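# Remarks on the overall topology
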Amino acid sequence: LSILTISAAAQSPWDGAEASFGACADAYYSYYSNAKDVRYQQHDCIGAFHNNLGLNIAQFTGSFDSDRFRGVTTLHFGDIPSITWESTYRNIQEANAGVRLTKGLWLDMGFFKTHVGTESFLPKDNMLSIISLGTFYGPFYQSGARLSYDFGNDWHIELHAINGYNKHIDDNDYKTFGMLVSKQWSDRLFMSYSNMAGQENTGQLNDAYLLYQNIYANVDFEKLTLQAGVDVAFANQWRYGGEGWLADPLVAGLITAKYAIKDDFSIAVR
């Protein structure tokens, strides 16, 4: 239940800048018929506690945007960050600043929401207000640098250098790199491909290698909205005599359909 959404914007005379502020909150009551004596429901972060009135998330956002500079900071609290943000900076959803290098090309640095995945973890941006199993075990946040470029024909590309998978602070000698490519093909079809790859640990013969990929599409008709996505990931210990990269892959996929029966009433299935 989204109980509050507030936004405001203000113009600045400096360089055509605009500052904006927003806040939202999402609360819940949940009851699980199979909960028994287990209060926390595993594999979920939305409505995650049995027989409980709780707060999924409350967040506050401030952003600054001008022709040459931009920045955004979002602070959040509640069950979602408590369960999924395993970091010293648990209450920071994003905090980054950027500079425009040339027309359409931006360099941003700081803390980001992940660039990989099909669904949003925010209930207000999710067609069912809950996330799938694959989304829960995918990345939620990252930190580092992002180079992004918007083409004039609705193509968008991003290159990422990040500290690691679900990490704010780098704890090894290596970096993880990622990419996002998206295209708005028409008013009805949007598609995106994203990935990240890196060496997550240290040690001569005991290094963990990660390759995570996602592709998804959103299709909008007059009353029907479809969302489909697939994740394929490999995270393996590369040891002498081991099985190599292709052992034990993670494969997850989802299809969500939402049909608007009336302007203010719809039904969705995943």
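One structure accompanies this document, and this report is about it. Per chain, residue numbering runs from 1 following the sequence as it is written. Confidence filtering applies because this is a predicted model: local features only for residues at pLDDT of at least 70, side-chain atom pairs given and counted only at 80 or more, and all residues used for totals across whole chains, interfaces and linings. For the side-chain quantities, the full set of heavy atoms in the structure was used; hydrogens and water were omitted.

The next thing to look at is the nonpolar core. Definition of nonpolar core: a set of buried residues of the types Ala, Val, Leu, Ile, Met, Phe, Trp, Tyr and Cys, connected through side-chain atoms within 4.5 Å. Using a 1.4 Å probe on the protein chains alone, a residue whose accessible area is under 20% of its type maximum counts as buried, one over 50% counts as exposed, and one in between counts as partly exposed. Counting residues in each nonpolar core, the largest one holds 15 residues, and the members touching the most others are Cys 45, Ile 80, Ile 83, Phe 121, Ile 131 and Phe 140. Between two residues, a contact is recorded if the distance between any of their heavy atoms is within 4.5 Å. Contact partners of Phe 121, with chain neighbours within four places excluded, come to Ile 46, Ile 57, Ile 80, Trp 85, Gln 93, Lys 113, Ile 131 and Phe 140.

Before going further, it helps to examine the packing of aromatic side chains. Here a Phe, Tyr or Trp ring, Trp counted by its six-membered ring, pairs with any other such ring whose centre lies within 6.5 Å, and the pair is stacked when the planes are under 30 degrees apart, edge-to-face when over 60, and tilted otherwise. Scanning all chains against the criterion turns up 12 aromatic pairs. Geometrically, the ring pair formed by Tyr 165 and Tyr 212 is tilted, given 6.1 Å between the ring centres and 35 degrees between the ring planes. Of this pair, Tyr 165 sits in the loop between strand S8 (155-162) and strand S9 (176-184) while Tyr 212 sits in strand S11 (residues 207-220); the two residues are 47 residues apart in sequence, bridging distant segments of the chain. Judged by relative accessible area, which is 23%, Tyr 165 ranks as partly exposed. Here Tyr 212 falls in the buried class, since its relative accessible area comes to 2%. Through a chain of ring-to-ring contacts, the aromatic side chains of Trp 85, Phe 121, Phe 140 and Tyr 141 assemble into a single cluster. Cation placement over rings: the criterion is NZ of Lys or CZ of Arg within 6 Å of the ring centroid and within 35° of the ring normal. A cation over an aromatic ring shows up here: Arg 70 above the ring of Trp 106, its NZ or CZ 4.2 Å from the ring centre. The way it works is that DSSP assigns letters per residue, a run of H or I at least four long becomes a helix, a run of E at least two long becomes a strand, and they are numbered from the N terminus.

Here we take up the pairing of strand S13 (residues 250-262). When DSSP finds two or more bridges between two strands, those strands count as paired. Two strands pair when backbone bridges link them, and S13 and strand S14 (residues 265-269) are joined in this way by five bridges, in the antiparallel orientation. Across the sheet, residue Tyr 259 finds its bridge partner in S14, namely Ile 267. Between S13 and S14, which pair antiparallel and follow one another directly, the connecting turn spans two residues.

Put plainly, a pocket is an open set of points on a 1 Å grid over the protein atoms alone with protein on both sides within 12 Å along at least five of seven lines, a cavity is a set where a 1.4 Å probe fits but cannot get out, and a lining residue has an atom within 4 Å of a point. Grid points are joined across faces, edges and corners, and a volume is the space filled by probe spheres set on the points. Space inside the largest pocket adds up to approximately 840 Å³. Any residue outside Ala, Val, Leu, Ile, Met, Phe, Trp, Tyr, Cys, Pro, Asp, Glu, Lys and Arg is labelled polar, Gly included; the first ten of those are nonpolar and the last four are charged. Its residues assigned to classes, the lining of the largest pocket comprises 14 nonpolar, 18 polar and eight charged. Put simply, the second largest pocket is a space of about 200 Å³. For the second largest pocket, the full set of lining residues is Ile 83, Thr 84, Glu 86, Phe 136, Tyr 137, Gly 138, Phe 140, Tyr 141, Tyr 165 and Asn 166. Residues of the lining of the second largest pocket, tallied by class, amount to six nonpolar, three polar and one charged.

Turning our eyes to something else, we now look at the pattern of salt bridges. We define a salt bridge as a contact between a side-chain nitrogen of Lys or Arg and a carboxyl oxygen of Asp or Glu at a distance within 4 Å. What the rule picks out here adds up to six salt bridges. Arg 100 is the partner of Asp 67 in a salt bridge, and the nearest nitrogen-oxygen pair spans 3.0 Å. Placement of Asp 67 in the loop between strand S3 (52-65) and strand S4 (69-77) and of Arg 100 in strand S5 (residues 92-102) is noted, with a sequence separation of 33 residues between them. With its nearest N and O atoms 3.3 Å apart, the salt bridge here joins Arg 146 to Asp 108. With Arg 146 in strand S7 (residues 141-150) and Asp 108 in strand S6 (residues 105-113), this residue pair connects regions lying 38 residues apart in the sequence. Each member of the pair, Arg 146 as well as Asp 108, is classed as buried. A cluster of three or more residues bridged by salt bridges with shared partners is formed by Arg 70, Asp 108 and Arg 146.

This part is about unusual backbone geometry. Located in the positive-phi region is His 43, a residue other than glycine, with phi close to 70 degrees. Residue position: His 43 is located in the loop between strand S2 (18-30) and S3. Classification of His 43 by relative accessible area gives partly exposed; the value is 40%. In this model, Asp 154 sits at a positive phi of 70 degrees, which is unusual for a non-glycine residue. Along the chain, Asp 154 turns up in the loop between S7 and S8.

A few words on the side chain of Ser 192. When you line up the elements, Ser 192 lands in strand S10 (residues 189-199). Sequence-distant contacts of Ser 192, defined by excluding residues within four places in its chain, comprise Leu 180, Val 181, Ser 182, Asn 214, Ile 215 and Tyr 216.

Pairing analysis gives seven bridges linking S5 to S6, with the strands arranged antiparallel. Each residue of the ladder has a partner; that of Val 99, found in S6, is Leu 107. The antiparallel hairpin formed by S5 and S6 contains two residues in its connecting segment, where Gly 104 sits at a positive phi of about 85 degrees. Direction of pairing for S6 relative to S7: antiparallel, over a ladder of nine bridges.

This part takes up a nonpolar patch on the surface. Two distance rules govern patches: like charges are joined within 9 Å, and nonpolar side chains (Val, Leu, Ile, Met, Phe, Trp, Tyr) within 5 Å, applied only to residues with over 30% relative accessible area and no salt bridge. Each accessible area is a Shrake-Rupley estimate made with a 1.4 Å probe; only the visible protein chains count as cover when residues are assessed. On the surface, a nonpolar cluster with roughly 640 Å² of combined accessible area is contributed by Phe 151, Trp 155, Trp 185, Met 191, Ile 215, Val 230 and Val 251. Looking at where Met 191 falls in the secondary structure, it is placed in strand S10. You can call Met 191 partly exposed: its relative accessible area is 31%.

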